[in-house]
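These are the residues of each chain, in order.
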Amino acid sequence: MTSDFISQRAPEPVGAFPHARRVGDLRFLSGIGPRKRGTKDIPGVTLAADGTVASHDITAQTLAVFENVRTVLEDAGASWDNIVDVSVYLTDMTHDFPAFNKLYAEHFAGTGKPNPTRTTVEVNCLPTPIAVELKVIATIA
């Protein structure tokens, strides 16, 4: 059985796609960023007058992404502990990877389950002025 899912609590998708797709016992999440629902606010981003990013705080963005992922997972019938695979997209691997990696380890350690598999890549940009986005696969079993 396959079905799409849109969370009423997570930030709205920035395109024509669902927050998650259910395929059997798996939940495939679309890319999740740090935006806040119902606003254009992005935690940890300071914009210049011309709308470009003046600075970003990877810690604030990462924590917001984690919260958004948790929300979508919960609303889709899964949980943080059910994550089996994570794809991470960073716009500045050199500066942001150490802080991101530290937070990632803190949030997955102590769950009593093996850490999910993970791929981390640097990308030129993301669809909104964000520095980090996660794509997640989780199970409900």
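Now for a description of the structure that goes with this document. (Residues numbered from 1 in each chain as written. Predicted model: local features only at pLDDT ≥ 70, side-chain atom pairs only at ≥ 80, totals over all residues. Heavy atoms only, no water.)

1. What to know about the pairing of strand E3 (residues 26–29)
Going residue by residue along E3, you find Arg27 and Leu29 tucked away on one face and Leu26 and Phe28 left uncovered on the opposite face. Taken together, the 4 bridges between strand E2 (residues 20–23) and E3 define a ladder with antiparallel strand orientation. The residue bridging Ala20 from the neighbouring strand is Leu29, located in E3. Between the antiparallel neighbours E2 and E3 lie 2 residues, among them Gly24 with a positive phi of about 60°. Note: E3 against strand E8 (residues 132–139), 3 bridges, orientation antiparallel. The partner of Arg27 across the bridge, within E8, is Ala138. (Buried < 20%, exposed > 50% of the residue type's maximum accessible area, 1.4 Å probe, protein only. Helix = DSSP H or I, 4+ residues; strand = E, 2+ residues; numbered from the N terminus. Pairing = 2+ DSSP bridges.)

2. With respect to the packing of aromatic side chains
Taken as a whole, this structure holds 5 aromatic pairs when the rule is applied. Judged by centre distance (4.8 Å) and plane angle (25°), the ring pair of Trp80 and Phe108 falls under stacked. Taken together, the positions of Trp80 in the loop between helix H1 (58–75) and strand E6 (83–90) and Phe108 in helix H2 (residues 93–108) put the pair 28 residues apart, joining distant regions of the chain. When its relative accessible area of 6% is taken as the criterion, Trp80 is described as buried. Aromatic side chains Tyr104 and Phe108 sit 4.4 Å apart centroid to centroid with 40° between the ring planes, which places their arrangement in the tilted category. Of this pair, Tyr104 and Phe108 both sit in helix H2, 4 residues apart, which is roughly one turn of the helix. (Phe/Tyr/Trp six-rings, centres within 6.5 Å; stacked < 30°, edge-to-face > 60°.)

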